Amino acid sequence: MKKYQHLLFDLDDTLLDFGAAEDLALHRLFEEQKIPLTEEVEEKYRQINSSLWTQFEHGEITRDEVITTRFAKLFAAYDQGVDGVLFDTKYRNYLAESKVFVKGAWEIVNELARQFDLYLVTNGVSVTQYKRLQVTGLAPFFKNVFVSEDTGYQKPMKGYFDYVFERIPNFRIEEALIIGDSFSADIVGGIQAGIDTCWFNQHGKAPVENYKPTYEIAELQQLAKILL
Ligand SMILES: [Mg+2]
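These figures come from a predicted structure and were not determined experimentally.

Visitor: Could you give an account of helix α3 (residues 63–76), naming the residues involved and the relevant values?
Guide: With 14 residues, α3 ought to run about 20 Å at 1.5 Å a step, and its terminal C-alpha atoms sit 20 Å apart, in line with that. Along α3, the positions that sit buried rather than exposed are Arg63, Val66, Ile67, Arg70, Phe71, Leu74 and Phe75. Each element contacted by the buried residues of α3 is listed here: α1 (18–33), α2 (39–57), α4 (84–96) and α7 (148–151).

Here it is, written out as structure tokens:
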């Protein structure tokens, strides 16, 4: 008898390699604009972007503020004015076209989808996330996709998880497991929402104090051992 029925997968850096996608998209964007993309600029972009998404996770700014200001902020740091909105639209188009999987992601999802109900739980921009699911061919494995933007909440908010639970047929809290790489969003969110958690800790990061995931894995293939 299987313990779990509903598997909730994070997308970025759990199934799709976001760093690689971001890298590719940034290079294409800067190439197109004929602006040299140095390591320093790239690092600066990552800092700005990640600090904006953290503010978003804390409910301090909106998703629109994140995506419309990140490039304007980046170039302002170099005393250049650019159309941040236009830059971002182009960037997200490139991002959505990327097909770089985390190692073993396709195989494990393909295997698990035969026996479990798979759902995607992802923070991010809806149009980008849906397009990525289409181009990577992952979409058919999932019964439903919950992008934060469509829910009015985001991980780790309890409201986000409530929204998801209400939309899973025959949902039973003890039969749900969330699998994700972000301790603050996926694991803390899952624990606070009362479900079991599997931390995909590929890079050996330290956990957040006072929280303990039900499982911790370094490779996706280890899920087979836990679940099958
Ligand atoms: Mg993630």
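Past the structure itself, the notes keep going.
Visitor: Outline unusual backbone geometry, listing residues and values.
Guide: Here the bond from Lys155 into Pro156 is cis, since omega is 5 degrees, no more than 30 degrees from zero. With respect to the secondary-structure elements, Pro156 resides in the loop between α7 and α8 (158–166). Located in the positive-phi region is Asp13, a residue other than glycine, with phi close to 65 degrees. Backbone geometry places Lys34, a non-glycine residue, at a positive phi of 60 degrees. Examined against the element boundaries, Lys34 turns out to sit in the loop between α1 and α2.

Visitor: Could you give an account of the pattern of salt bridges, naming the residues involved and the relevant values?
Guide: Enumeration over the complete set of coordinates arrives at 19 salt bridges. Among the salt bridges present, the one from Lys155 reaches Asp10, with a minimum N-O distance of 2.9 Å. Taken as a pair, Lys155 in the loop between α7 and α8 and Asp10 in the loop between β1 (6–9) and α1 lie far apart in primary sequence, 145 residues in all. Accessibility classification places Lys155 together with Asp10 in one group, the buried group. Notably, a salt bridge pairs Asp88 with Arg92, separated by 2.8 Å at the nearest N-O pair. Pair noted here: Asp88 and Arg92 are both in helix α4, with a separation of four residues, about one helical turn. Per residue, the accessibility class of Asp88 equals that of Arg92, and both read buried. Among the charged side chains, a network of salt bridges with common partners joins Glu22, Asp23, Glu42 and Arg46.

What counts, and where the lines are drawn
- Residues numbered from 1 in each chain as written.
- Predicted model: local features only at pLDDT ≥ 70, side-chain atom pairs only at ≥ 80, totals over all residues.
- Heavy atoms only, no water.
- Helix = DSSP H or I, 4+ residues; strand = E, 2+ residues; numbered from the N terminus.
- Expected span 1.5 Å × (residues − 1).
- Buried < 20%, exposed > 50% of the residue type's maximum accessible area, 1.4 Å probe, protein only.
- Contact = heavy atoms within 4.5 Å.
- Salt bridge = Lys/Arg side-chain N within 4 Å of Asp/Glu carboxyl O.

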